[in-house]
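Okay, here's what each chain looks like letter by letter:
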Amino acid sequence: MKAAVVTFPGSNCDYDCFQAVAEHMGGEARYVWHREQRLPDCDLVILPGGFSYGDYLRTGAIARFSPVMGAVAEFAGRGGPVLGICNGFQILLESGLLPGAMLVNRGLQFICDTVHLRPERTDLPFTNRLAGGRPFRVPIAHKEGNYYADAATLAELERNRQVVFRYCNANGEPDEVSNPNGSLHNIAGITNKAGNVLGMMPHPERAMDRLLGSADGRLIFESIAHFLR
Amino acid sequence: MSNHREPAVDLKLAQSFGLNAEEYRRILAIMGRTPTYTELGIFSVLWSEHCSYKNSKPLLKLFPTRMKQVLQGPGENAGIVDIGDGLGVAMKVESHNHPSAIEPYQGAATGIGGILRDIFTMGARPIALLDPLYFGELSDPHVRHLFGGVVSGIADYGNCVGIPTVGGSVFFDASYTTNPLVNVLALGVVEHSKIVKGFASGPGNDIIAVGATTGRDGIHGATFASEELSDKSAAKRPSVQIGDPFTKKLLLEATLELIDSGLAVGIQDMGAAGLTSSSIEMASRAKTGIELDVSKVPLRETGMTPYEVMLSESQERMVVVAPPANFEKIKAIFDKWELHCARIGRVTDDGKVRVKWQDEVFCEVPVTALVDDAPVYQRESKKPAYLSKVARFKQSTVPQPKDLDGTLLQLLAAPTIASKRWVYRQYDHQVRTNTVVLPGSDAAVLRIRGTRKAIGLTTDCNGRYCYLDPRNGGAIAVAEAARNLACSGARPLGLTDCLNFGNPYKPEVFYQMKQCVLGMVDACHALQVPVISGNVSLYNESVTHSVYPTPLIGMVGLIDDLSQITTQWFKKPGDAILLVGDVTAKPDIGGSEYLKAIHGKVEGKGPRMDLKREKALHGFVLDAIKSKLVRSAHDCAEGGLAVALAECCISGPPLGPLLAKGGNKGVVRGGIGATLDLAKLPGRPDFKLFGENQSRIVISCSPLVVGKLRTLAKKHKVGCLKIGKVGGRKLAIRKLVDLPVAKLKESWEGAIPAQMQ
């Protein structure tokens, strides 16, 4: 696994993503400054969480104009796997690589907690090590994670099976109580039609080690490693 | 020449700057002439309580500060203790009480900004924030406004800069109604070889301003922090700075890159009193002089005067001292992070502070006059009359509640005791993936990457105990912090303190402060914990009264191996529950949350502190944890033994890891029950359930090791009593309490959200 971890001004989960690849997966990780016009030699691009440009204007709205985003779109166009986590997901939405938008959480507060996710697809580069329908635990930490799309887009997402993760209870049921932020259809993560660009609000890179509460995030990185093999 | 015309200086102006007549006369004598307007401004901020510690210095000298683990004691931006492996931890606590009282969101946010700069200017990467907060009663709508604003200010700022907020405490009492205490502690990790100090050394070196631009915000913030709040304070809202966490994040990364590069000889943050205190303190430490041309400072507003530039407290700025040859390379680092970087002066060898606007001099004062000649006062101390009144309290006169179940539920819902999940759920406590024990246990625990070690962190101070018996209360604050660390498996290494008191010119307030400090000194010696840094916040007063004396303690401890990390909640059905420490003492409800919340009284002397017993207890717990005999350990604090037991049942993480194989059976949503018998403990039922006697810890262990623990307790001369076992869905204390765990959890977790909706 050779991962390019993009650092925007204000990214703050870049270090955790770097460590997830380098320390926990034994892969190669490289930071890529947002001003770079091209990506280094890599087989995975990670857009990490944080507050790129301080979330000023709108989450991800300024970062999408960073020079590196051209190269990221090109990499995705060639079928390379792109993983956007939290703010990275928001940037993917703003740059049009994924459909929809993020609203402020329905409780209007930042939420740091651990949630259950139900995988809806296990045939993707990011999910091939997960068991379908069986929930796994990862932390969330966001204020704008309330996924929104118009009815037509939402119907299309569902029809194309682009919804990858839903917030659910411990039994894997995506109920209202388990929806932390008000996302439509309990959506926690979606992919593009081709299935090589994944955006997700929860943080798998924070769940790499039992010592810190959960190692379930490894399943996503192990899936990517398996896909790349 | 500039076209700045300065107002005339006289005593009246000096007084409006917060100086008194005696201090103004002293300035005239030092200068041998009337100071200029800029000079007077500089004197007034550097001689303010906030910068000069003029009323607290004689007390601060009493703290033990030198022990072998101390790499940097008080006097720098932050203190540093050694944790081995060539690493140290830098730590400091600060207050932002007055700004938060009138502008809770920005006040709290900029408090974080300031303390982070103190840490990374030492060369340390910040890895944790803790926020000890004190508010009035939550039933008061204004208090809810302050509480909500402070928490969201902390959340928005801390989350954005990407430093996890891993702990803290929230205490509610009417004494803090109009003057909340908003303290913030930051901690960072630094390699010994990379420790940087705030020295303006090497005459001829550049003085460089980096970071954000300078505006008119926060002028005289340090002075404002050094006077009482009044009904006119709202008019001082412009003295509150505005935070920009995004720029702070850039500044943090750029500064750490600068330190890594080795290009700078000294770095100092611009905090209280801005450019004035940062540049002058650096010159004072290095025994040099400085010459600044403030026309070169990057400004965000037009028409600013030298006085305004020198006194601005605009956030996200630092001062760097470096050889002129390095300037272009330094500028390249700050350019990359899109921050300002401008040469604004140079280090001189004449020992003077010279402030110019191009060629015109606006200030020329010896550094020593500003720093070393700052006044130091030995204030008058007088025992307050209330102390003998509250001490007359007889606990036998307190009516015994009929329904102890109901009383316990009421106490669990008292905001000071209730779960603070509503607060910490708004803080990112996991970013940078080091947080092993999340908020909600006795102490937060962070791993130290690249080692098998971890550190425990806690903040403590029960202001009510300090109010009822300042010396005893001061000792308890230190002892409880150390006890919390011991419960998590950590050996205390050092503490930082924030001395929050009222107006020191009131002899009764100074008495409280002096006695609290003496109590802290007693405990520091007894428990062998040095003071490595701190902050003093005085004039915490409302129109009618001072806040409770609140010497907040932040303490860090070392856990030698990750396997020794211990949490407070019960783990496994069938485990034995032991009460260890001072188990035979007569229960004391003086100063307790029970007496206040249930009976509406703040009386008594507060629980007694016997430091020798306390020390023995810590030794025992650490020894037992190291010997792998302990599955959980929890300190008995507010709410007494009953609340401690309830917390052991309900405070654990709500769910076990789903994909984990085994190991978590029996742990269900809502916690785990326990069956207990307290017949062997002396005293009336309500007293033994809710009395807040010190030096006691509830531990749980495998039933197979109870004998071993008893032997170990005997060796440490510590009491040890088996009081029950873990299991079931109820907290059942024979003849006293019988409650479903789910109900305990509902009261405890629901209380604060219900008030804040």
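Residues numbered from 1 in each chain as written. Chains lettered and ligands numbered in written order. Predicted model: local features only at pLDDT ≥ 70, side-chain atom pairs only at ≥ 80, totals over all residues. Heavy atoms only, no water.

**A look at the overall build of chain B**
Then, in step 1: Helix and strand content of chain B: 26 helices and 26 strands.
Then, in step 2: Radius of gyration (C-alpha) of chain B: 26 Å, near the 27 Å computed for a compact globule of 757 residues.
Then, in step 3: In terms of overall dimensions, chain B has a C-alpha envelope of 85 × 55 × 45 Å along the principal axes.
Then, in step 4: Counting only residues that meet the buried cut, chain B has 67% of its 757 residues in that class. (Helix = DSSP H or I, 4+ residues; strand = E, 2+ residues; numbered from the N terminus. Rg over C-alpha atoms; globule rule 2.2 N^0.38 Å. Buried < 20%, exposed > 50% of the residue type's maximum accessible area, 1.4 Å probe, protein only.)

**Some thoughts on the sheet that holds strand 6 (residues 181–191) of chain B**
Residue and element names in this part refer to chain B.
Then, in step 1: Taken together, the six strands give an open sheet; going across it, the order is 1-2-3-6-4-5, and neighbouring strands pair in mixed fashion. Only two strands of the sheet have a single partner each, and these edge strands are strand 1 (70–72) and strand 5 (165–172). On average, each strand axis in the sheet is tilted by 25° relative to the strand beside it, whichever way the strands run.
Then, in step 2: Where strand 2 (residues 79–84) and strand 3 (residues 87–95) come together, five bridges link them in antiparallel fashion. Residue pairing across strands places V81 opposite V89, the latter belonging to strand 3.
Then, in step 3: Along the sheet face, helix 8 (residues 141–161) touches strand 4 (125–135), strand 5 and strand 6 and points at about 180° away from the line of strand 4. (Pairing = 2+ DSSP bridges. Axes fitted to C-alpha atoms, helices over the stretch in contact; angles between N-to-C directions. Contact = heavy atoms within 4.5 Å.)

**Things to note about the packing of aromatic side chains**
Then, in step 1: As enumerated under the stated definition, the model contains 21 aromatic pairs over all chains in all.
Then, in step 2: Taken together, a centroid distance of 4.7 Å and an interplanar angle of 65° make the contact between W33 of chain A and W337 of chain B edge-to-face. With W33 of chain A in strand 2 (residues 28–33) and W337 of chain B in the loop between helix 13 (327–336) and strand 11 (340–348), this residue pair bridges two chains. As far as burial versus exposure is concerned, W33 of chain A and W337 of chain B are alike and both buried.
Then, in step 3: Summarising the aromatic geometry, the rings of Y176 of chain B and Y548 of chain B are spaced 6.0 Å apart at their centres and angled 85° between planes, so their arrangement reads as edge-to-face. Of this pair, Y176 of chain B sits in the loop between strand 5 and strand 6 while Y548 of chain B sits in the loop between strand 18 (531–537) and strand 19 (550–559), placing them 372 residues apart in sequence.
Then, in step 4: Y548 of chain B sits in the buried class, given a relative accessible area of 7%. (Phe/Tyr/Trp six-rings, centres within 6.5 Å; stacked < 30°, edge-to-face > 60°.)

**Re the interface of chain A and chain B**
Then, in step 1: Every contact between the two is made by 39 residues of chain A and, on the other side, 37 residues of chain B.
Then, in step 2: Here chain A and chain B share an interface that buries about 3,300 Å² over both sides, 55% of which is from carbon and sulfur atoms.
Then, in step 3: For chain A, the biggest contributors to the area lost against chain B are C112, L211 and L212 of chain A; these three give 18% of the whole.
Then, in step 4: For the interface between chain A and chain B, the tally reads seven salt bridges.
Then, in step 5: The salt bridge involving E23 of chain A is made with R449 of chain B; its shortest N-O contact spans 3.2 Å.
Then, in step 6: Of all the secondary-structure elements, those providing two or more residues to the side of chain A that touches chain B are helix 1 (14–24), strand 6 (111–119) and strand 7 (136–142) of chain A.
Then, in step 7: Broken down by class, the residue content of the side of chain A that touches chain B amounts to 18 nonpolar, nine polar and twelve charged. (Buried area = accessible area lost by both parts, 1.4 Å probe. Salt bridge = Lys/Arg side-chain N within 4 Å of Asp/Glu carboxyl O. Nonpolar A, V, L, I, M, F, W, Y, C, P; charged D, E, K, R; others polar.)

**With respect to a nonpolar patch on the surface**
Residues and elements named next belong to chain A.
Then, in step 1: Taken together, the side chains of Y56, L57 and I62 define a hydrophobic patch exposed on the protein surface, amounting to about 310 Å² of accessible area.
Then, in step 2: When you line up the elements, Y56 lands in the loop between strand 3 (44–47) and helix 2 (68–77).
Then, in step 3: A relative accessible area of 37% means that Y56 is categorised as partly exposed. (Patch = residues over 30% accessible without salt bridge, like charges linked within 9 Å, V, L, I, M, F, W, Y side chains within 5 Å. Areas by Shrake-Rupley, 256 points an atom, 1.4 Å probe, with all protein chains shown as cover.)

**Brief notes about the pairing of strand 10 (residues 187–191) of chain A**
All names here are of chain A.
Then, in step 1: With five of its five residues buried, strand 10 lies for the most part within the structure.
Then, in step 2: Of the strand pairs in this sheet, strand 9 (residues 163–168) and strand 10 are connected by three bridges, and their pairing is antiparallel. Paired with R166 across the strands is I187, a residue of strand 10.
Then, in step 3: The pairing of strand 10 with strand 11 (residues 197–200) spans three bridges and is classified as antiparallel. Across the sheet, I190 pairs through a bridge with G199, a residue of strand 11.

**A word on the sheet that holds strand 17 (residues 491–500) of chain B**
Residues and elements named next belong to chain B.
Then, in step 1: Spatial ordering of the open sheet is given by 14-15-16-19-17-18, a layout of six strands whose pairing is mixed. Edge strands, defined here as strands with exactly one partner in the open sheet, are strand 14 (435–437) and strand 18. If you compare each strand with its neighbour and ignore which way they point, the axes differ by 25° on average.
Then, in step 2: Sheet topology note: the strand 15 (residues 444–447)/strand 16 (residues 454–460) ladder contains four bridges and is antiparallel. Directly across from L446, in strand 16, lies its bridge partner I455.
Then, in step 3: Strand contacts of helix 19 (residues 470–488): strand 15, strand 16, strand 17 and strand 19, with the helix running at about 25° to strand 19, the strand carrying the most contacts.
Then, in step 4: Across the face of the sheet, helix 20 (residues 507–527) comes into contact with strand 17, strand 18 and strand 19 while running at roughly 175° to strand 17.

**Structural notes on helix 2 of chain A**
All names here are of chain A.
Then, in step 1: Where helix 2 is concerned, the buried positions are V68, M69, A71, V72, F75 and A76. Across the axial projection of helix 2, the buried residues extend over an arc of 155°, all falling on one side. Facing away from the buried side of helix 2, by more than 90 degrees, are the exposed residues E74 and G77.
Then, in step 2: In this structure, the buried residues of helix 2 make contact with strand 1 (2–7), strand 2, strand 3, strand 4 (82–85), helix 3 (87–94) and strand 11.
Then, in step 3: Two residues or fewer past helix 2, G79 is found with a positive phi of approximately 95°. (Arc of directions from axis to C-beta.)

**Topic: the nonpolar core**
Then, in step 1: In terms of nonpolar packing, the biggest core is built from 129 residues, with V45, Y147 and F165 of chain A together with F147 and F334 of chain B touching the most fellow members.
Then, in step 2: Ranked by residue count, the leading element in this core is helix 8 of chain B, at nine residues.
Then, in step 3: Formed by 77 residues, the second largest nonpolar core is a distinct cluster that contains F63, L87, C498 and M520 of chain B. (Core = buried A, V, L, I, M, F, W, Y, C linked by side-chain atoms within 4.5 Å.)

**Brief notes about the packing of helix 10 (residues 245–261) of chain B against helix 13 of chain B**
Residue and element names in this part refer to chain B.
Then, in step 1: Across the interface, helix 10 lies against helix 13 with an axial gap of 9 Å and an inter-helix angle of 150°. Overall, the two elements helix 10 and helix 13 adopt an arrangement that is roughly antiparallel. Considering the relative orientation of helix 10 and helix 13, their crossing is right-handed. Within the contact between the two elements, helix 10 uses L251, A254, E257, L258 and S261 and helix 13 uses I330, I333, F334 and K336. (Parallel < 35°, antiparallel > 145°, perpendicular 65-115°, else oblique. Left-handed = near helix turned anticlockwise from the far one by under 90°.)

**Considering the packing of helix 19 of chain B against helix 20 of chain B**
Helices that pack against each other are described as a pair by the angle of their axes relative to one another and the distance between those axes.
Residues and elements named next belong to chain B.
Then, in step 1: Their axes nearest at 6 Å, the elements helix 19 and helix 20 cross at an angle of 40°. With respect to helix 20, the element helix 19 is oriented oblique. For the pair helix 19 and helix 20, the crossing hand works out as right-handed. Residues P470, R471, G474, A475, V478, A479 and A482 of helix 19 form the contact with helix 20, whose participating residues are Y511, Q512, Q515, C516, L518, G519, M520, D522, A523, C524 and L527.
Then, in step 2: Here the contact of helix 19 with helix 20 is composed, by residue class, of twelve nonpolar, four polar and two charged.

**Description of the pattern of salt bridges**
Residue and element names in this part refer to chain B.
Then, in step 1: Within this structure, the stated rule accounts for 61 salt bridges over all chains.
Then, in step 2: Note that E301 is salt-bridged to R216, the shortest N-O span being 3.2 Å. One end of the pair, E301, is in the loop between strand 9 (289–293) and helix 12 (306–311); the other, R216, is in the loop between strand 7 (206–211) and helix 9 (221–224), and 85 residues separate them in sequence.
Then, in step 3: Overall, the relative accessible area of 30% leaves E301 in the partly exposed class.
Then, in step 4: One salt-bridge network, in which partners are shared between bridges, spans E291, R346, D350, R354, K356 and E364.

**A word on a positive patch on the surface**
Residues and elements named next belong to chain B.
Then, in step 1: Taken together, K680, R710, K714, K722 and K725 make up a surface patch of like positive charges.
Then, in step 2: As for its placement among the helices and strands, K722 is situated in strand 24 (residues 719–726).
Then, in step 3: With a relative accessible area of 41%, K722 lands in the partly exposed category. (Lys, Arg positive; Asp, Glu negative; His and termini not counted. Charge placed at Lys NZ, Arg CZ, Asp CG, Glu CD.)

**Points about the confidence of the model for chain B**
Residue and element names in this part refer to chain B.
Then, in step 1: When pLDDT is averaged along chain B, the result is 93; 96% of the residues meet or exceed 70.
Then, in step 2: Predicted confidence is poor over residues 655–668, with pLDDT under 50, and the contacts of this stretch with residues over four places away or in other chains come to 26 contacts.
Then, in step 3: Scored by ipTM, the complex comes to 0.96, with pTM at 0.95. (pLDDT = per-residue confidence, 0-100.)

**Side note on the state of the cysteines**
Residues and elements named next belong to chain B.
Then, in step 1: Across all of its chains, the model carries zero disulfides over all chains by this definition.
Then, in step 2: The thiol sulfur of C701 is not disulfide-bonded, and the nearest other cysteine sulfur, from C720, lies at 8.0 Å.
Then, in step 3: Overall, the relative accessible area of 0% leaves C701 in the buried class. (Disulfide = S-S within 2.5 Å.)

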